[in-house]
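Summary of the model geometry
For reference, the chains in residue letters:
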Amino acid sequence: MLNRSLVVFLIAAFACVGFAEEASKVHQPKLTPQKSGTTQLLIAVSPVNSRVVWASGTGGTYVVTTDGGETWKAAVVPGAENLQFRDVQGVSDKVAYLMSIGNNTTDFRIYKTVDGGATWTIEFTNHTTNAFYDCFAFWTPERGIAHSDSVNGVFPDLRTTNGMTWQSISANMPPALTGEASFAASGTCVTTEGRANAWIATGGSTIARILATRDGGDTWNAYDTPLVSSPSAGAISVAFRDPLNGIVGGGDLASNTSADAATSNDGGQTWTLTNKPPVAGAIFCLAYVRGIRKGDGHRDDHGDIGADDEGHAHDLDRTVVITAETAPNFNSGSAAWTPDEGHTWFTLPQVSGYWGLAFADPKAGWFVGNGGQILKISF
């Protein structure tokens with residue numbers, strides 16, 4: 001008869017072999033580097049569909065592709081050469097929005113093009129001292145919100161209902177905690193879903209919170225998350241795959257050991273930490289692989305998932321990809337993905353230096369980052 005210690009050893013050995021075999025069966029995504037045409041840092045990315053994608057970054061730079069990334073056009077918005085475009089929203093190959101930040105109050109602006117970048121119109125210029133607009137998101141090509149750090153206990157957030165003018169909704173927002181702010185890491189501190197749902201990730205105070213609306217920004221609630229929070233830490237990126245199920249990620253921008261993520265299944269009211277993500281630094285961006293869905297209302301028909309792909313897409317409903325950056329320079333980092341919203345994680349070896357990512361569909365996602373790097377990811 002085998003002694004007890006040998007039995008334990010054999011069980012552990014078989015378990016390790018089984019885990020290794022299971023891990024080896026995992027379908028790893030395909031990664032394809034692409035040439036952006038710029039060496040500027042690219043911060044945010046917004047696929048319209050599997051062919052049309054916009055990205056934005058430093059030096060007043062944006063890039064756009066209309067062939068799925070086979071070729072990219074890089075350009076600089078006139079007059080924005082000293083600004084950083086911390087967020088971008090693509091609507092079509094002709095229409096897109098950009099959000100800029102800079103060193104001055106009026107450097108926070110929202111730009112729009114309707115001719116593929118040939119000309120840009122400034123739709124909003126900030127005049128609120130100490131406001132810092134981190135991110136924006138849209139329900140439709142004409143309806144969106146823009147989020148700022150708090151100023152004197154108030155979030156000076158904005159909303160457009162016509163895609164041309166922006167009005168303050170600060171009176172609708174929950175009171176801010178002392179020091180409460182968001183992080184312009186990848187333009188994903190706010191996300192929209194359906195026709196009227198939106199969630200905002202915050203930090204900078206003693207609690208990292210989610211601000212949530214169900215009515216297009218008319219009313220909001222604030223919910224606590226278990227993510228670390230401090231003046232340099234908090235919730236950084238948030239995404240929802242339907243009205244109830246979502247994920248938030250973040251960490252401490254001053255530490256390289258604090259990346260955390262949490263999930264919610266009740267629309268953001270309560271959150272549970274996932275297993276520890278296998279990345280260093282803070283999670284700058286996370287995205288559901290499923291990407292664009294029919295009925296979202298903010299993409300053209302070419303962005304919808306086709307009937308042949310529906311089964312594959314549903315299999316990936318809970319699949320999330322994350323990218324993280326490390327202090328102090330945020331020019332390196334790592335990435336990982338999970339097929340089950342954080343129960344199981346798999347690293348993406350040698351994927352480093354990316355700030356943002358987003359998916360059009362499971363076969364067409366893009367990382368963007370340092371030095372103009374673009375990496376296509378396909379499941």
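Residues numbered from 1 in each chain as written. Predicted model: local features only at pLDDT ≥ 70, side-chain atom pairs only at ≥ 80, totals over all residues. Heavy atoms only, no water.

1. Describing the sheet that holds strand 28 (residues 373-378)
Definition in use: When DSSP finds at least two bridges between two strands, those strands are taken to pair. Comment: elements are numbered from the N terminus, with helices defined as DSSP H or I runs of at least four residues and strands as E runs of at least two. Only the stretch in contact is used when a helix axis is fitted, and all axes are lines through C-alpha atoms; the angle between N-to-C directions ranges over 0 to 180 degrees.
Pairing is antiparallel across the open sheet formed by four strands, whose spatial order is 1-28-27-26. The outermost strands of the open sheet, each flanked by one partner alone, are strand 1 (30-35) and strand 26 (354-361). Averaged over neighbouring strand pairs, the angle between their axes works out to 25 degrees when direction is ignored. Both strand 1 and strand 28 contribute to a ladder of six bridges, which runs antiparallel. Each residue of the ladder has a partner; that of leucine 31, found in strand 28, is isoleucine 377.

2. Looking at the nonpolar core
Note the threshold: Definition of nonpolar core: a set of buried residues of the types Ala, Val, Leu, Ile, Met, Phe, Trp, Tyr and Cys, connected through side-chain atoms within 4.5 Å. A 1.4 Å probe rolled over the protein chains alone gives each residue an accessible area, and that area as a share of the maximum for its type sets the label: buried under 20%, exposed over 50%, partly exposed in between. Residues are treated as being in contact if the distance between any of their heavy atoms lies within 4.5 Å.
Judged by nonpolar contacts, the single largest core of 17 residues is most densely connected at Val321, Leu348, Phe359, Phe367 and Phe379. Among the elements of the structure, strand 22 (282-288), strand 24 (333-338), strand 26 and strand 28 are those that each provide at least two residues to this core. Considering every element that reaches this core, the biggest residue donor is strand 26, with three residues. Each residue touching leucine 348, except ones within four places of it in the same chain, is listed here: Gln28, Pro29, Val321, Ala335, Ala336, Trp337, Phe367 and Ile377. Among the nonpolar cores identified, the runner-up in size contains 16 residues, and Val91, Val95, Phe108 and Ala146 belong to it.

3. Considerations on the pattern of salt bridges
Under the convention used in this document: Salt bridges are identified by distance alone: a Lys or Arg side-chain nitrogen within 4 Å of an Asp or Glu carboxyl oxygen.
All told, the structure shown has eight salt bridges when counted by the stated rule. As a salt-bridge pair, arginine 241 and aspartate 242 come within 3.6 Å of each other at their nearest N and O atoms. Residue arginine 241 is classed as buried on the basis of its relative accessible area of 16%. One network of salt bridges, with partners in common, ties together Arg241, Asp242, Arg318 and Glu341.

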